[in-house]
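A look at the structure
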Amino acid sequence: MTKNQIHEWHERLEDGRKQYIRAYWNSREWQFRIAHPDGEAWTPLENPPPQRWLELRDLLFRKYQRKKLPWKYVVDLDKRLEDMGIKAEETEAPAEDD
């Protein structure tokens, strides 16, 4: 993976507020942070739950489908998930051009 990537997404909380999640690749590891629109700063998320990892994987796959990210980044994250014991959703690899 390239050095320093940032991927963000948001979700709605039960009370209707938005919560923003940021996954940051710093050339060695992924770091997750959470923020709320009414909050002041990004809060580090230590030991993110499997749900966050799967959300990141889904985001990377969707970026790949829109040709915004190479397939190798999805494969690299899949390997990391497998090492952590997290099962990612099955998706098809891109067709090889002959």
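Please read all numbers here as calculations on a predicted model, not as lab measurements. (Residues numbered from 1 in each chain as written. Predicted model: local features only at pLDDT ≥ 70, side-chain atom pairs only at ≥ 80, totals over all residues. Heavy atoms only, no water.)

**Re the pairing of strand 1 (residues 5-12)**
We count it as follows: Throughout, exposure labels follow a simple rule: accessible area from a 1.4 Å probe, protein chains only, divided by the maximum for the residue type, with under 20% read as buried, over 50% as exposed, and the rest as partly exposed. Helix and strand assignments follow DSSP, with helices taken as H or I runs no shorter than four residues and strands as E runs no shorter than two, numbered in order from the N terminus. Note on pairing: DSSP must find at least two bridges between two strands before they are called paired.
Of the two faces of strand 1, the one holding Gln5, His7, Trp9 and Glu11 is buried and the one holding Ile6, Glu8, His10 and Arg12 is not buried anywhere. Here strand 1 runs beside strand 2 (residues 18-25); their pairing, made up of eight bridges, is antiparallel. Residue isoleucine 6 lies in a different strand from strand 2, and its bridge partner there is tyrosine 24. In sequence, strand 1 turns back onto strand 2 through a hairpin of five residues, with glycine 16 there showing a positive phi of about 95 degrees.

**Some details on the sheet that holds strand 1**
What counts here: Under this scheme, a helix contributes an axis fitted over its contacting stretch, all axes are lines through C-alpha atoms, and angles between N-to-C directions fall in the 0 to 180 degree range. By the convention used here, residues are in contact when the closest approach between their heavy atoms is within 4.5 Å.
Taking strand neighbours across the sheet as the criterion, the four strands line up as 1-2-3-4 in an open arrangement whose pairing is antiparallel. Lying at the two open borders of the sheet, with one neighbouring strand each, are strand 1 and strand 4 (43-45). Each strand axis lies, on average, 30 degrees off the axis of its neighbour in the sheet, ignoring direction. Strand contacts of helix 1 (residues 50-65): strand 1, strand 2, strand 3 (30-35) and strand 4, with the helix running at about 115 degrees to strand 1, the strand carrying the most contacts.

**So, unusual backbone geometry**
Despite not being glycine, asparagine 47 shows a phi value in the positive range, around 50 degrees. With respect to the helices, strands and loops of the structure, asparagine 47 is situated in the loop between strand 4 and helix 1. Asparagine 47 sits in the exposed class, given a relative accessible area of 73%. Even without glycine at this site, lysine 67 takes up a positive phi of about 60 degrees. Within the secondary structure layout, lysine 67 lies in the loop between helix 1 and helix 2 (71-84).

**A short note on the pattern of salt bridges**
Selection criterion: Salt bridges, as used here, are contacts in which a Lys or Arg side-chain nitrogen is within 4 Å of a carboxyl oxygen on Asp or Glu.
Applying the stated criterion to the full structure yields eight salt bridges. For the salt bridge of arginine 57 with aspartate 78, the shortest nitrogen-to-oxygen distance reads 2.7 Å. With arginine 57 in helix 1 and aspartate 78 in helix 2, this pair connects stretches of sequence that are 21 residues apart. Two residues, aspartate 76 and arginine 80, come together in a salt bridge whose shortest N-O distance is 3.3 Å. Note that aspartate 76 and arginine 80 are positioned in helix 2 at a spacing of four residues, about one turn of the helix. Judged by relative accessible area, which is 23%, aspartate 76 ranks as partly exposed. Through salt bridges with shared partners, a single ionic network connects Glu11, Arg52 and Glu55.

**Description of the confidence of the model for the chain**
Convention followed: Known as pLDDT, the predictor's confidence for each residue is given on a scale from 0 to 100.
Mean pLDDT over the chain: 88, with 88% of residues reaching 70 or higher. Element-level mean pLDDT values for the chain span from 92 in helix 2 up to 95 in helix 1.

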